[in-house]
Amino acid sequence: MLELKSPLFFHIPWDFRVEAELLYKIKRSLTVPPQGLPPSRMALLGMLLGLLMASCFTFCLSHQNPEFALTSPEKSSTKEAERKETTAEEELDSEVLEVFHPTHEWQALRPGQAVPVGSHVRLNLQTGAREVKLQEEDKFQSNLKALKKGKRLDINANTYTSQDLKSALAKFKEGTEVESSKEDKARQAKIKRLFRPIEELKKDFEELNVVIETDMQIMVRLINKFNSSSSSLEEKIAALFDLEYYVHQMDNAQDLLSFGGLQVVINGLNSTEPLVKEYAAFVLGAAFSSNPKVQVEAIEGGALQKLLVILATEQPLTAKKKVLFALCSLLRHFPYAQQQFLKLGGLQVLRSLVQAKGTEVLAVRVVTLLYDLVTEKMFAEEEAELTQETSPEKLQQYRQVHLLPGLREQGWCEITAHLLALPEHDAREKVLQTLGALLATCRDRYHQDPQLSRTLVRLQAEYQALATLELQDGEDEGYFRELLGSINSLLKELR
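The following paragraphs examine the structure supplied in this document. Remember, predicted model here, so these are calculated numbers, not experimental data.

Some points on the overall build of the protein
A tally of helices and strands in the protein yields 26 helices and 7 strands. Residues counted as buried form 32% of the 495 residues belonging to the protein. Of the contacts made within the protein by residues no fewer than 6 positions apart, 62% connect residues no fewer than 24 positions apart. Of the roughly 33,200 Å² of accessible surface on the protein, a fraction of 55% belongs to carbon and sulfur atoms.

As structure tokens, then:
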């Protein structure tokens, strides 16, 4: 619906207000006609006045002022809203913001500050403020130029093309070296100035009567001293003592094998001097430990037979300790050596050693060796069934080791049971472990041994009291409690 927005008089431009007022006064004066004017004249003046007012109204409608018009209320409000938005935008454009000038260090940005294009902005989580700094100038400028040219950004200036890599690999295969930059050469020269060449150091040490030797050179020198007929007994023992330190390392033990030093030490077991036998066995035990290559060469060199001979003959206890150590290192994790040990009557040799007087220390070590050999074969067979990680060849070698039947035949069921009478707790622990490992093979022998049951009952009472003291001291899983658990398990199996 159209409506007149406001009274006509107030929307007429200022230039025409005088004329409109004049017409209004003329019209008002005509309403009261002067005396003596004929009616025809009065009608003519009324017509002229009407035409004049119509022309004036038409002229006012055609004026550019948008307020003087017949308009729709909806369109008028829309136009006013657009005009206000335009005015607000012009006011915002005319407002000048403070420009922040960043540096290469992080600076806090205040509210209302404008940040230049290309600046690095971050939010400090500790203070909650925004911080600004300049980007790397060279990288930013190069990226900006590349963008203007329509190229891709070079993110990493140190990248190489596939052709560069191929050429570098070709030079590497040919053995040529790429020339280093001036900075690298300067750095290398600086390092060379800090350190002296090895040749100069050797000369200086030679002047001081000090010779620099590698482990290989030292072992060769020690073997030569030990094997020399001119060396005294003390010099030979000192050479073997020093050699034992080096062969603990697997690589050194294999180096000893490579230049024939291992066989020289094995032959030392034939010496008539007990000390030479003792320290030769000491070196061999260190070289055999977890070193299959050396173990194989030792078996081929006759080390097993020589070790058993020393254990079976009259020798000092200290020598037999070292020989037993070498034997244990040779047999562990080496099923072929275990087969040869059984064939050569090793169980009989160990039985005689344990039953001899004054060899209780050796008895505990022998029982520990037997326990290790029994559980090693058991674990190898279980691992082969579950994970199949054990090689078929090694598994077949373990199956050819008939250790448990040999232990039963040689009377080790009774020998092990009688070792429970040893007073040391550590010895009892190892004997209890071995009894448990032999339980399936020796169950009937254990039942027939009344002394074993009495010993177990006595130890049960002893360790029950010790376990109670541990509980009072706040140890829930103490050492004596574990021993008591082993004893209880054996008694339960034997009832």
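Quick look at the pattern of salt bridges
The final tally for this structure, using the stated rule, is 10 salt bridges. We note a salt bridge from arginine 221 to glutamate 213, for which the minimum N-O separation is 3.2 Å. Taking the relative accessible area as the measure of exposure, arginine 221 reaches 37% and is therefore partly exposed. Among the salt bridges present, the one from arginine 408 reaches aspartate 444, with a minimum N-O distance of 2.7 Å. In this pair, arginine 408 sits in helix H21 (residues 403-409) while aspartate 444 sits in helix H24 (residues 439-447), placing the two residues 36 residues apart along the sequence. The partly exposed category is assigned to arginine 408, whose relative accessible area is 26%.

Some points on the packing of aromatic side chains
The tally for this structure, following the rule as stated, stands at 6 aromatic pairs. On the numbers, 6.3 Å between centres and 40° between planes, the contact of phenylalanine 334 with tyrosine 336 is tilted. The exposure class of phenylalanine 334 is buried, given its relative accessible area of 10%. An aromatic cluster is defined as three or more aromatic residues linked by ring pairs; in this entry it consists of Tyr279, Phe282 and Phe325. Over the face of the ring belonging to phenylalanine 282 we find lysine 322, whose NZ or CZ atom lies 5.3 Å from the ring centre.

A closer look at helix H23 (residues 425-437)
Taking 1.5 Å of rise per residue, 13 residues should cover 18 Å, and H23 covers 19 Å from first to last C-alpha, within 8% of that figure. Listed in full, the buried residues belonging to H23 are Ala427, Arg428, Val431, Leu432, Thr434, Leu435 and Ala437.

Some thoughts on the state of the cysteines
What the rule picks out here adds up to 1 disulfide. Two residues share a disulfide in this structure: cysteine 413 and cysteine 442, whose sulfurs sit 1.8 Å from each other. Negative torsions about the S-S bond denote left-handed disulfides, and the value of about -60° found for cysteine 413 with cysteine 442 makes this one left-handed. Note that cysteine 413 is positioned in helix H22 (residues 412-418) and cysteine 442 in helix H24, a separation of 29 residues in sequence.

A closer look at a nonpolar patch on the surface
On the surface, Ile198, Phe205, Leu208 and Ile212 cluster together into a nonpolar patch covering about 350 Å² of accessible area. Position of leucine 208 relative to the elements: it lies in the loop between helix H8 (198-207) and helix H9 (215-227).

Brief notes about the pairing of strand S7 (residues 130-133)
For strand S4 (residues 107-108) and S7, the ladder comprises 2 bridges, and the chain directions are antiparallel. Note on S7: the bridge partner recorded for glutamine 107 is valine 132. Of the strand pairs in this sheet, strand S6 (residues 120-123) and S7 are connected by 4 bridges, and their pairing is antiparallel. Residue pairing for S7: leucine 123 is matched across the bridge by arginine 130. Here S6 folds back onto S7 in antiparallel fashion, the turn holding 6 residues, of which glycine 128 has a positive phi close to 80°.

Considering the environment of aspartate 242
Secondary-structure assignment places aspartate 242 in helix H10 (residues 233-247). A sequence separation of 20 residues divides aspartate 242 from leucine 222, and the C-alpha atoms of the two residues are 7.7 Å apart.

Description of the packing of H10 against helix H13 (residues 274-288)
For the pair H10 and H13, interaxial distance at closest approach is 8 Å and the crossing angle is 10°. The angle between the axes of H10 and H13 places the two elements in the roughly parallel class. Counted together, Leu233, Ile237, Leu240, Phe241, Leu243, Glu244 and Val247 of H10 and Leu275, Val276, Tyr279, Ala280, Phe282, Val283, Ala286 and Ala287 of H13 form the full contact between these two elements. Residue composition of the contact of H10 with H13, by class: 14 nonpolar, no polar and 1 charged.

Basis of the calculations
- Residues numbered from 1 in each chain as written.
- Predicted model: local features only at pLDDT ≥ 70, side-chain atom pairs only at ≥ 80, totals over all residues.
- Heavy atoms only, no water.
- Helix = DSSP H or I, 4+ residues; strand = E, 2+ residues; numbered from the N terminus.
- Buried < 20%, exposed > 50% of the residue type's maximum accessible area, 1.4 Å probe, protein only.
- Contact = heavy atoms within 4.5 Å.
- Areas by Shrake-Rupley, 256 points an atom, 1.4 Å probe, with all protein chains shown as cover.
- Salt bridge = Lys/Arg side-chain N within 4 Å of Asp/Glu carboxyl O.
- Phe/Tyr/Trp six-rings, centres within 6.5 Å; stacked < 30°, edge-to-face > 60°.
- Lys NZ or Arg CZ within 6 Å of the ring centre and 35° of its normal.
- Expected span 1.5 Å × (residues − 1).
- Disulfide = S-S within 2.5 Å.
- Patch = residues over 30% accessible without salt bridge, like charges linked within 9 Å, V, L, I, M, F, W, Y side chains within 5 Å.
- Pairing = 2+ DSSP bridges.
- Axes fitted to C-alpha atoms, helices over the stretch in contact; angles between N-to-C directions.
- Parallel < 35°, antiparallel > 145°, perpendicular 65-115°, else oblique.
- Nonpolar A, V, L, I, M, F, W, Y, C, P; charged D, E, K, R; others polar.

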